[in-house]
Amino acid sequence: MIKEKRFQDAINTLNTIPESSTTRAGLSLLGHCYYQVQDFIEASNCYEHLINLVPDVQEYRLYYAQSLFQAGLFEEAQKIIATGLDSPELKEKVLQLQSAIAYGNEDYTAAQSLLLQRQDGNGQEASTKNDEGCLLYQANMYEDALQRYVSALQAGGFNPHVAYNAALCHYRRKENSQALNYIAEIVERGIRNHPELGVGAQAETEGGARSVGNPPALAASGLAQAFNLKAAIEYQEGNVDGAREALTDLPPRSEPELDPVTLHNMALTDPTGGGAGLRRLAFLLELGPPTCPPETFANLLLLCCKHEMYDTAADILAEHTHLTYKYLSPYLYDLLDALITAQSTPEEAEQKLGTLASSIGGRLRALAAKVQECRSATDQNALRMALREYEGALESYLPVAMARAWIPWRMDDFQGAEREFRASAEFCSETPSWRLHAAHVLFMRGDRYKEAAAFYEPIVRQNYDDILSIPASVLANLCVAYIMTSQNEEAEELMRKVERAEERKGNATGQCLHLCIVNLVIGTLYCAKNNYEFGLSRIAHALDGGSGARLCADTWIHVKRCVLGLLTGMAKQTIVLPSIALQETLNFLRACEAYGITIPSVLTGPLEDSGEQPPTIGLEARKLRALLLRLMEYK
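- Named according to an unreviewed UniProt entry, the protein chain is Tetratricopeptide repeat protein 30 originating from Anopheles epiroticus.
- UniProt, in its Subcellular location (unreviewed entry) section for the protein chain, records the words "Cell projection, Cilium".
- Taken directly from UniProt, the Sequence similarities (unreviewed entry) text for the protein chain runs: "Belongs to the TTC30/dfy-1/fleer family."

Here's what the structure looks like:
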């Protein structure tokens, strides 16, 4: 069984033999098998019994220390090494393990010192070069680290883990195409050498593939690391679907079998919303280092802020102050601190963000001057480095600029938000996300529709052939801007384009909501202008008369706001609707009542779980219909 690498079968068989847990032969076999299936705690238990049973065999002491190290018990592993592991034959392996423990404890000085004591003979050159690369990588010396990894690959032949390290250096240097080349080679060799791992089986079976567990082949193949890095590249480039697809291509495993990095990346790309992602990140954070990826802490805080859970973010910061200085850069801490502070004292938050923006803005100006100097000197390498630095600083500046505009935005001070956008235009005016949000601010001003349309139009033109890839809010706002500037033909043409695209894609499941949202926004606009007859007819059309799959909490909120506006106007006798329009509204609400009887009418936060049954669309539609009948003076 062991020869055929059926380690779990071997463990099951050995556990049926009583002598396995009391004899050297049984414990040795069990320890080896447990180690191979990555059950390092059980492996360490076996080797602990062995060093008590045969204390003179130092290999077992080394295997015990290795098992403890792999289980993340670094201090315990170091103690075992310090008590009797002095065999000259094992010196190189002990030094390698000690340097790995120091590296895991982030004591890079000690790891470097131990590395210098190792010999390059006996085929260890590739391993030493790789370890040197790891230390250089931690010092952010990615170019030097990359050279060591390439030397290791040349000295020892292709090794998926060393190739992954090289890909990681390219990723850090923003050389994604070179990183993807290494990833492609790791995946190609992994599929060819280990077909039993079922790469891509999850995608083919829509998540129903049988788990392959965590066999030694998976650890040796480097596939998990390669697919996770590919997901990170896609995610960084804004392609969340591509990142999700990369994770789906991983060998199928159940959630308890997933490694921490995969679990972390699945949390960031979870398609069901923020709740599952937040819970996964919180679970990883509770495990603590070295198990949880270093990015977990920052990403959990950012995800909380994304879902406006600022109190939760503040609590996490307070509970994990020891991680703040270790895993948060000063820039990220200042940004998060300002976002949380804005909930109670916006003026203080504005001051903090202003200081941060001023600091980064000064750096951007200096880097822009440096880029111009490099262009004049025609030094291409220096120019590339300067541009990379400038882009990195701009990436840091953009969230600060957006946060400064967000503070007045959330208080409906759109003029103040526009002022902040003008202040950041010097650096960000060509950035797509800045232009998009600037368009939203101009749109919300209510008197700047023409300018808003000028910002929205390039976004639409750029993706005109794939119009459903454009956010529905952009299309809806552009249509409204056209209508408000008497460009009704352009609005109708845009809506026809969206309708044709949805028909081509097939909208039987109601998943494409672009045209629905456009109609809802236009209907709401007309209702706001007191044209309830036309406005409510657009809204009813958007939701297929209330009987379609588009009826959900997201769309229902617009329906009930407009209907309540109508009821208020009728109660004050400021609105009069023809009886046929009132009858159509009653029919629409009756359809919503029938089809929304089990659909929740309110959106819940990602971690909200009150235990109470939320109100349904059917119940609220019935109440609205009763109010309308009452105002129509029905008995």
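Following the structure, the description resumes.
1. Focus on the packing of aromatic side chains
What describes a pair of aromatic rings is the distance from one ring centre to the other and the angle between the planes of the rings.
Phase 1 of the analysis: On inspection of all chains with the given rule, the structure shows 13 aromatic pairs.
Phase 2 of the analysis: A centroid spacing of 5.2 Å and a plane angle of 55 degrees characterise the contact between Y137 and Y142, whose relative ring orientation is tilted.
Phase 3 of the analysis: Taking relative accessible area as the criterion, Y142 reaches 19% and is therefore assigned buried.
Phase 4 of the analysis: For the ring pair F443 and Y449, a centre distance of 5.4 Å and an interplane angle of 75 degrees mean the geometry is edge-to-face. Comparing F443 with Y449, the two get one shared label, buried.
Phase 5 of the analysis: Three or more aromatic residues joined by ring pairs make a cluster, and in this case those are Y47, Y60 and Y63.
Phase 6 of the analysis: Here the basic side chain of R189 rests over the ring of F158, its NZ or CZ set 4.1 Å away from the ring centre.

2. A few points about the state of the cysteines
Phase 1 of the analysis: Counted under the stated rule, the structure contains 0 disulfides.
Phase 2 of the analysis: C134 takes part in no disulfide bond, and the closest cysteine sulfur, belonging to C169, lies 8.7 Å away.
Phase 3 of the analysis: On the basis of relative accessibility, which here comes to 17%, the residue C134 falls in the buried class.
Phase 4 of the analysis: C527 takes part in no disulfide bond, and the closest cysteine sulfur, belonging to C562, lies 3.9 Å away.

3. Concerning helix 3 (residues 40–53)
Each α-helix turn comprises 3.6 residues. Residues three or four places apart therefore point the same way.
Phase 1 of the analysis: When the terminal C-alpha atoms of helix 3 are compared, their 20 Å separation across 14 residues agrees well with the 20 Å that a helix rising 1.5 Å per residue should span.
Phase 2 of the analysis: Listed in full, the buried residues belonging to helix 3 are F40, A43, S44, C46, Y47, L50 and I51. Across the axial projection of helix 3, the buried residues extend over an arc of 160 degrees, all falling on one side.
Phase 3 of the analysis: On its buried side, helix 3 packs onto helix 2 (24–36) and helix 4 (58–70).

4. Structural notes on the packing of helix 22 (residues 346–377) against helix 23 (residues 380–409)
Phase 1 of the analysis: Viewed as axis vectors pointing N to C, helix 22 and helix 23 meet at an angle of 160 degrees, and their least axial separation amounts to 8 Å. It follows from the interaxial angle that helix 22 and helix 23 lie roughly antiparallel. Every pair of crossing elements has a handedness; the one defined by helix 22 and helix 23 is left-handed.
Phase 2 of the analysis: Among the residues making up the contact of helix 22 with helix 23, the classes are represented as 22 nonpolar, 3 polar and 6 charged.

5. Describing the environment of S254
Phase 1 of the analysis: Turning to its location among the elements, S254 is positioned in the loop between helix 15 (240–248) and helix 16 (260–268).
Phase 2 of the analysis: A relative accessible area of 31% means that S254 is categorised as partly exposed.
Phase 3 of the analysis: Separated by 41 residues in the primary sequence, S254 and G213 place their C-alpha atoms 7.5 Å from one another.

6. Observations concerning the pattern of salt bridges
Any two side chains of opposite charge can pair, so long as their charged atoms come close to each other.
Phase 1 of the analysis: Following the criterion strictly, the structure yields 31 salt bridges and no others.
Phase 2 of the analysis: Across the pair K174 and E395 runs a salt bridge whose closest N-O atoms are separated by 3.9 Å. Of this pair, K174 sits in the loop between helix 10 (160–172) and helix 11 (176–193) while E395 sits in helix 23, and the two are 221 residues apart along the sequence.
Phase 3 of the analysis: With its nearest N and O atoms 2.8 Å apart, the salt bridge here joins R550 to D544.
Phase 4 of the analysis: The exposure class of R550 is buried, given its relative accessible area of 14%.
Phase 5 of the analysis: For D544, a relative accessible area of 40% gives the class partly exposed.
Phase 6 of the analysis: Here the salt bridges share partners, and the residues they tie into one network are E418, R422, R445, R448 and E451.

Calculation notes
- Residues numbered from 1 in each chain as written.
- Predicted model: local features only at pLDDT ≥ 70, side-chain atom pairs only at ≥ 80, totals over all residues.
- Heavy atoms only, no water.
- UniProt positions renumbered as here; feature names shortened; annotations may be inferred.
- Phe/Tyr/Trp six-rings, centres within 6.5 Å; stacked < 30°, edge-to-face > 60°.
- Buried < 20%, exposed > 50% of the residue type's maximum accessible area, 1.4 Å probe, protein only.
- Lys NZ or Arg CZ within 6 Å of the ring centre and 35° of its normal.
- Disulfide = S-S within 2.5 Å.
- Helix = DSSP H or I, 4+ residues; strand = E, 2+ residues; numbered from the N terminus.
- Expected span 1.5 Å × (residues − 1).
- Arc of directions from axis to C-beta.
- Contact = heavy atoms within 4.5 Å.
- Axes fitted to C-alpha atoms, helices over the stretch in contact; angles between N-to-C directions.
- Parallel < 35°, antiparallel > 145°, perpendicular 65-115°, else oblique.
- Left-handed = near helix turned anticlockwise from the far one by under 90°.
- Nonpolar A, V, L, I, M, F, W, Y, C, P; charged D, E, K, R; others polar.
- Salt bridge = Lys/Arg side-chain N within 4 Å of Asp/Glu carboxyl O.

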